[in-house]
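# Tertiary structure, described
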Amino acid sequence: MLITLLAWALRLGMTAFFIGLTAAPDPRDGLDQMDYDLFAYRLSIGEGYTLEDGTPTARRAPGTSLILLPIYLLCGRSYLAAHVWITFLSALTCLLGAELLRNKWGHGAALGAATALALHPGMTYYAMFLLSEAPFTFIAVLGTWLTVRSLERMDQSPRWTAAAGLAWGMAILLRPQAVLMVPIAMLVWWWSGVRRRDFFWPLAIQAVLALLLTMPWVVRNAVVMHKPCFATVVGGITFWGAHNQLTFTDPQVRGDWIGLSQLDDGVRAWPEGEIEQEAIWWKYAFEDIRKHSRLMPQLLLAKVWRFVLPTENTPNRLVFWAFAVAWILTIPGLLLGWPELQKHHPLLAGTFAVQLIATFMCVLIFYGGGRFRHVHEPLFMAVSAIGMRRRFLTSARIPLPSILCEENAADSPTGAEFLATIPAH
């Protein structure tokens, strides 16, 4: 709890220093947050999910705006309140990340994970903006914790199962690519074979509830936008931005994404409507794919490389080095911790794997980049904390007495007898 409060203070301090706690979103920090802020405000004053001129839109999924909506309903369009709220959710993720490990690996690993999440550049940076990263990270870790809890406590699972399903539904509304987790979860469940019959219904109920939570938005778009979808425009422009003449042929941007300004040759005319724009951008993307089909394997490898690459495509050198060093330091813990996680907590390992596979699929479909990876920092920090715990406990120069090792104390009759002599207080 203390680490979580300090993490919140750190995020508030960084926001105040670099951005300003009362500052409006700056388009230079990401156009996404401009839309999220606008749509949340329009919803709060009863104008619906619309642009400034009142035109209905679905160009962004509504999750981030829905996260901001309660704050705007209570405080008006207060950027101070919005920043306090987003930084609080980011800080609370530290507590949830620790809770994932506490029961199996003890307080040491939990405190390590919480501290790493409190200080991690990928967590502190995105908490400064009204982007989808901080809310999605919080919801994803919450969904992970609820899912594992529901599968561990089968006798009391209905409420935990329902809560997990709703959390994953919100994750899809925050980032629609999270819908890939539904079929992947079913495949992982079938492939694992571990207690398959017991886990089927909880996982099926979670999937159904997650999709049901998204249905009002999809139905709204079918009625208002004349297309049942999670978002318009953004899918088409992102796909074309990742599959075009430049990304196929220029090593500097291969595997990355470029904006519409670089794609606009001044000859093509864009339609007015969102649905029409999206359709034509998908059309241009597939035309470029057909033209450069022989380069597709090279492009896919470049996407994967950019996804795992420590460096960021940013002119900000502080961000560049902070993210690079953090990722480089995380990798050894991941390599050490993943086998330990699989061995001692396969449920948590499976839930992690579903999310990572879904993100990897999204990278292959669209483009690679650290921004896709950063939303999984709590997962990486948790696994890394397990790996570091194992490394330092097993390689210490002065061996710990077996009674001091939590796993040995639980299993050893001598340790159990010794612990029984210690007063409860």
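Cut-offs and rules
- Each chain carries its own residue numbering, running from 1 in the written order of its sequence.
- The predicted origin of the model limits local features to residues at a pLDDT of at least 70 and limits the giving and counting of side-chain atom pairs to 80 or more, whereas totals for whole chains, interfaces and linings rest on all residues.
- The basis for the side-chain values is all heavy atoms of the structure; hydrogens and waters are excluded.
- Secondary structure elements are taken from DSSP: a helix is a run of H or I of four residues or more, a strand is a run of E of two residues or more, and numbering for both begins at the N terminus.
- The rule is simple: take the accessible area with a 1.4 Å probe, protein chains only, and divide by the maximum for that residue type; under 20% is buried, over 50% is exposed, in between is partly exposed.
- We call two residues in contact whenever any of their non-hydrogen atoms come within 4.5 Å of each other.
- Exposure was quantified through the Shrake-Rupley algorithm and a 1.4 Å probe, taking into account, for residues, occlusion by the shown protein chains and nothing else.
- How sure the predictor is of each residue is captured by pLDDT, a score from 0 to 100.
- Residues enter patches when their relative accessible area tops 30% and they take part in no salt bridge; the joining distance is 9 Å for like charges and 5 Å for the nonpolar side chains Val, Leu, Ile, Met, Phe, Trp and Tyr.
- Salt bridges are defined as contacts in which a side-chain nitrogen from Lys or Arg sits within 4 Å of a carboxyl oxygen from Asp or Glu.
- Joining through side-chain atoms within 4.5 Å is the link that ties buried Ala, Val, Leu, Ile, Met, Phe, Trp, Tyr and Cys residues into a set, and such a set is a nonpolar core.
- Each axis is a line fitted through C-alpha atoms, taken for helices only over the stretch in contact, and angles between the N-to-C directions span 0 to 180 degrees.
- Note on terminology: angles under 35 degrees are roughly parallel, angles over 145 are roughly antiparallel, angles of 65 to 115 are roughly perpendicular, and the others are oblique.
- In the scheme used here, Gly and all other residues not listed as nonpolar or charged are polar, with Ala, Val, Leu, Ile, Met, Phe, Trp, Tyr, Cys and Pro taken as nonpolar and Asp, Glu, Lys and Arg as charged.
- Expected helix span is given by 1.5 Å per residue-to-residue step, counting one fewer step than there are residues.
- Only centres within 6.5 Å qualify two rings of Phe, Tyr or Trp (six-membered ring in Trp) as a pair; their planes then separate them into stacked at under 30 degrees, edge-to-face at over 60, and tilted for everything else.

## Concerning the overall build of the protein
- Of regular secondary structure, the protein possesses 20 helices and zero strands.
- For the protein, with 425 residues in total, the buried portion stands at 49%.
- Summarising the internal contacts of the protein: among those between residues at least 6 apart in sequence, 73% fall at separations of at least 24.
- Summed over its atoms, the accessible surface of the protein is roughly 20800 Å², and 67% of this surface lies on carbon and sulfur atoms.

## So, the confidence of the model for the protein
- Taken residue by residue, the protein gives an average pLDDT of 88. The fraction at 70 or more is 90%.
- Within the protein, no element has a lower average pLDDT than helix α20 (residues 413-420), which sits at 38, and none a higher one than helix α3 (residues 63-75), at 98.
- In the model, residues 395-425 has pLDDT below 50 throughout and makes 14 contacts with residues more than four positions away in sequence or in other chains.

## Observations regarding a nonpolar patch on the surface
- Together, V208, L211, L212, M215, V219, V223 and V224 make up a nonpolar patch on the protein surface, roughly 570 Å² of accessible area in all.
- Looking at the secondary structure, you find M215 in helix α9 (residues 196-224).
- Among the residues examined, M215 registers a relative accessible area of 35% and is labelled partly exposed.

## What to know about the nonpolar core
- Membership of the largest hydrophobic core comes to 69 residues, with the highest contact counts inside it found for Y72, L101, L341, L348 and F352.
- If you tally residues by element for this core, the top one is helix α4 (residues 79-119), at 15 residues.
- Setting aside chain neighbours within four positions, we find L341 in contact with W105, P346, L348, A349, F352, V383 and I386.
- Core analysis: the next-biggest nonpolar cluster, separate from the first, contains 22 residues, I258, I280, I289 and F372 among them.

## Let's talk about the pattern of salt bridges
- Applying the stated criterion to the full structure yields 14 salt bridges.
- With a closest N to O distance of 2.7 Å, D26 and R28 form a salt bridge.
- Classification of R28 as exposed rests on a relative accessible area of 75%.
- Across the pair D256 and R306 runs a salt bridge, and its minimum N-O distance is 3.8 Å. Here the residue D256 occupies a position in the loop between α11 (245-249) and α12 (260-263), and R306 occupies one in helix α14 (residues 296-308), the gap between them amounting to 50 residues. The pair D256 / R306 is uniform in exposure class, with both members buried.
- The network of salt bridges with shared partners includes D32, D35, R59, R60, E133, R175 and R371.

## Quick word on the side chain of N221
- Examined against the element boundaries, N221 turns out to sit in helix α9.
- The exposure class assigned to N221 is buried, which follows from its relative accessible area of 0%.

## Concerning unusual backbone geometry
- Located in the positive-phi region is H226, a residue other than glycine, with phi close to 65 degrees.
- Residue placement: H226 occurs in the loop between α9 and α10 (234-242).
- A residue is classified by how much of its surface remains accessible, and H226, at 66% relative accessible area, is exposed.
- Within the chain, V233 stands out as a residue other than glycine whose phi angle is a positive 65 degrees.
- Structurally, V233 is set in the loop between α9 and α10.

## Notes on the packing of α3 against helix α7 (residues 157-174)
- Between α3 and α7, the shortest axis-to-axis distance is 6 Å and the interhelical angle comes to 110 degrees. Comparing their axes, α7 and α3 come out roughly perpendicular. Residues G63, T64, L66 and I67 of α3 touch α7, and the partners they reach there are M170, L173 and L174.
- Here the contact of α3 with α7 is built from residues that sort into five nonpolar, two polar and no charged.

## A short note on α7
- If you check α7, its first and last C-alpha atoms are 25 Å apart, about what 18 residues at 1.5 Å a residue would give, namely 26 Å.
- Burial of α7 is extensive: 13 of the 18 residues sit out of reach of the surface.

## Regarding the packing of aromatic side chains
- This model, assessed by the stated rule, comprises 23 aromatic pairs.
- Here Y49 and W217 contribute two aromatic rings whose centre-to-centre distance is 4.9 Å and whose plane-to-plane angle is 75 degrees, an arrangement assigned as edge-to-face. A residue pair is termed long-range when its members are at least 10 positions apart, and Y49 in the loop between α2 (31-44) and α3 and W217 in helix α9 qualify at 168 residues.
- With relative accessibility at 10%, the residue W217 sits in the buried group.

## Examining the side chain of N244
- Locating N244 in the fold gives a position in the loop between α10 and α11.
- We classify N244 as buried; its relative accessible area is 2%.
- Non-local contacts of N244, meaning those with residues more than four positions away in its chain, are made with I258, L263 and D288.

## Side note on the environment of L180
- As for its position among the elements, L180 is in the loop between α7 and α8 (181-192).
- With relative accessibility at 25%, the residue L180 sits in the partly exposed group.
- For L180 and V354, which are 174 residues apart along the polypeptide, the C-alpha to C-alpha distance reads 8.9 Å.
- Setting aside residues up to four positions removed in sequence, L180 forms contacts with A358, M361 and C362.

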